[in-house]
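Overview (structure and organization)
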Amino acid sequence: QVQLVESGGGLVQAGGSLRLSCAASGSISSINYMDWYRQAPGKQRELVASITSGGSTNYADSVKGRFTISRDNTKITVYLQMNSLKDEDTAVYYCKLGLPRGRVYWGQGTQVTVSS
């Protein structure tokens, strides 16, 4: 059984910063990738940032230069540093863990609200 626990969401003023964390636990021998997604009210869930087992990263155009994804392999934790936050960043943020043999797990989500 694999569990993902997210933390770090909250209310922040536009221009501010937040750091999200997602800690994985359970039966994990290797990781293919860890992603951050978000879903705003009335919108589809979208990929925000991803990091592979090799450390390669990818970002949505809307967050490039403002968000940074990183990980701590010893703790099996992925982070999302979010700077220069905008109103449109308001959403529930989810982490996704991709393991070998196609196994995928999602976190419960953490709310990020940016006020102008």
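Use the structure listed above.
Attention in this report is confined to the structure presented alongside it. What you see is a predicted model, and the numbers here were worked out from it, not measured in a lab.

Procedures and definitions
Residue positions within a chain follow its written sequence, with the count starting from 1. In keeping with the predicted nature of the model, local features appear solely for residues at pLDDT of at least 70, side-chain atom pairs appear and are counted solely at 80 or more, and the whole-chain, interface and lining totals rest on all residues. With hydrogens and water set aside, each side-chain value is computed from the structure's full complement of heavy atoms. A side-chain nitrogen of Lys or Arg and a carboxyl oxygen of Asp or Glu constitute a salt bridge if their distance falls within 4 Å. Every helix listed is a DSSP run of H or I at least four residues long, and every strand listed is a run of E at least two residues long, numbered separately from the N terminus. We call a residue buried when its accessible area falls under 20% of the maximum for its residue type, exposed when it is over 50%, and partly exposed in between, using a 1.4 Å probe and counting protein chains only. Count a disulfide wherever a pair of cysteine sulfur atoms falls within 2.5 Å.

Some details on the pattern of salt bridges
A side chain of one charge can pair with a side chain of the opposite charge if their charged atoms are brought near each other. Counting across every chain of the model gives 4 salt bridges. Note that Asp89 and Arg38 form a salt bridge whose closest N and O atoms lie 2.9 Å from each other. With Asp89 in the loop between strand 8 (77-82) and strand 9 (91-98) and Arg38 in strand 4 (residues 33-39), this residue pair connects regions lying 51 residues apart in the sequence. Taking the relative accessible area as the measure of exposure, Asp89 reaches 0% and is therefore buried. The salt bridge involving Lys64 is made with Asp61; its shortest N-O contact spans 3.1 Å. Beyond isolated ion pairs, a larger network of salt bridges with shared partners links Arg38, Glu46, Arg66 and Asp89.

Thoughts on the state of the cysteines
What we call a disulfide is simply a covalent bond connecting the sulfur atoms of a pair of cysteines. Taken as a whole and judged by the stated rule, the model has 1 disulfide. Cys22 shares a disulfide with Cys95; S-S distance 1.9 Å. Looking down the S-S bond of the Cys22 and Cys95 bridge, the torsion is 45 degrees, so its handedness is right-handed. Remark: Cys95 occurs in strand 9 and Cys22 occurs in strand 3 (residues 18-26); sequence separation between them is 73 residues. The two residues Cys22 and Cys95 agree in class, both being buried.

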